[in-house]
Amino acid sequence: MEIAAILLRQIVIMFLFMMIGAWLYRTDKLTKAGSKDLGNVLIYVIMPCVVLNAYMTEFSRERLTGLLWAFGLSVAALLLAMLVSHVIFKKHPIENFGTAFSNAGFMGIPLVSAVLGTEAVFYTSAFVALLNILQWTYGVFVITRDRKQISVNKILTNPVLISLAAGIVLFLLPIELPGVLTGTVSSIAAMNAPVAMISLGTYLAQTRLKELFTDKTAYLSTLVRLLVIPLLTLALLWLVPAEYMNLKLAVLIVAITPVGSNVAIFAQIHNQNYTQAVKSVCLSTLCSIVTMPLLVALARMVWGA
């Protein structure tokens with residue numbers, strides 16, 4: 001139960017960050033334009049530094065084996081989530097996208113770091129990179145139903161994918177970066193949780209609580225994202241050998257996070273129901289304070305950790 005307690009504590013801290021974001025927006029100290037700018041800082045600076053920071057570690061065969069396991073498990077978990085989401089929300093593109101892709105980067109990685117340490121972030125970066133690629137391909141198609149909207153150039157120039165490639169090179173080759181550079185990357189990476197949750201708080205501030213808690217579709221999306229997919233993922237990871245317990249927990253944590261905030265961004269870009277996307281993001285994020293610690297505790301009990 002200790003890990004679940006640490007996870008609960010960290011989620012509460014992240015919610016306090018989110019409340020700060022909501023307060024800043026409600027008091028006009030942070031505008032919609034400012035929130036969008038925060039999103040750009042997250043995507044183009046902070047998240048790449050998070051990935052790079054995870055891979056600035058000494059090479060070992062054990063870590064390499066774990067990384068290969070991480071990629072395999074990430075593919076399996078993401079495909080499972082996409083399949084479940086497609087079956088349940090085939091006619092609802094926003095919910096289909098939202099339930100398929102968790103908030104792994106902006107919420108999952110900080111939680112993994114707090115609960116399992118930086119070493120575990122090394123493995124979850126694979127999940128985040130794959131999730132980003134799938135969002136820009138399968139996710140865009142789900143929202144637009146137009147294959148022409150899928151841009152290979154956008155995929156190849158995705159900052160998370162570029163940072164993953166650079167990070168793997170740093171990990172595999174005996175390259176030692178100057179301390180001032182590693183210190184800079186590490187400091188920027190530490191900004192991930194506060195900035196991401198403050199940004200998410202501005203979404204919450206734009207949503208009427210009455211509408212948020214009376215939307216049946218948002219509730220169904222939250223149920224699937226926080227319970228159905230996580231329980232199936234937990235069962236899938238049960239098949240992985242016990243020697244990879246920390247890796248399993250790391251993948252589980254990023255896989256059971258709430259609806260990713262990117263669904264609101266993509267909905268806005270492609271002229272879809274942005275308001276509905278925000279409802280799903282906010283409701284699932286609020287409910288995750290209960291579901292995530294319980295699911296991690298259940299996983300440890302079922303897996304015999």
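Residues numbered from 1 in each chain as written. Predicted model: local features only at pLDDT ≥ 70, side-chain atom pairs only at ≥ 80, totals over all residues. Heavy atoms only, no water.

## Focus: unusual backbone geometry
Step number 1: Despite not being glycine, aspartate 28 has its phi angle at roughly 60°, a positive value.
Step number 2: Here aspartate 28 lies in the loop between helix H1 (2-26) and helix H2 (32-55). (Helix = DSSP H or I, 4+ residues; strand = E, 2+ residues; numbered from the N terminus.)

## Regarding a nonpolar patch on the surface
Step number 1: Taken together, Leu83, Val87, Ile88, Leu220, Leu223, Leu227, Val228, Leu231 and Leu232 make up a surface patch of nonpolar side chains, about 720 Å² in accessible area.
Step number 2: Taken together, the elements giving at least two residues each to the nonpolar patch come down to helix H3 (61-89) and helix H12 (216-237).
Step number 3: In terms of residue count, the dominant contributor to the nonpolar patch is H12 (six residues).
Step number 4: Within the secondary structure layout, valine 228 lies in helix H12.
Step number 5: Accessibility expressed as a relative area gives 30% for valine 228, which makes it partly exposed. (Patch = residues over 30% accessible without salt bridge, like charges linked within 9 Å, V, L, I, M, F, W, Y side chains within 5 Å. Areas by Shrake-Rupley, 256 points an atom, 1.4 Å probe, with all protein chains shown as cover. Salt bridge = Lys/Arg side-chain N within 4 Å of Asp/Glu carboxyl O. Buried < 20%, exposed > 50% of the residue type's maximum accessible area, 1.4 Å probe, protein only.)

## Structural notes on empty space enclosed by the protein
Left-over empty space is what a probe sized like a water molecule reveals as it rolls over the atoms.
Step number 1: By the definition in use, this model includes one cavity of 30 Å³ or more.
Step number 2: Considered as a void within the structure, the largest cavity measures approximately 50 Å³ in volume.
Step number 3: Lining the largest cavity are Ala77, Leu78, Ala81, Ala100, Ser102, Phe127, Arg225, Ile229, Thr233 and Ala255.
Step number 4: Counting residues per element, the ones that place at least two in the lining of the largest cavity are H3 and H12.
Step number 5: Here the lining of the largest cavity is composed, by residue class, of seven nonpolar, two polar and one charged. (1 Å grid on protein atoms, 1.4 Å probe; cavity = no way out; pocket = protein on both sides within 12 Å on 5 of 7 lines; lining within 4 Å. Points joined across faces, edges and corners; volume = space filled by probe spheres on them. Nonpolar A, V, L, I, M, F, W, Y, C, P; charged D, E, K, R; others polar.)

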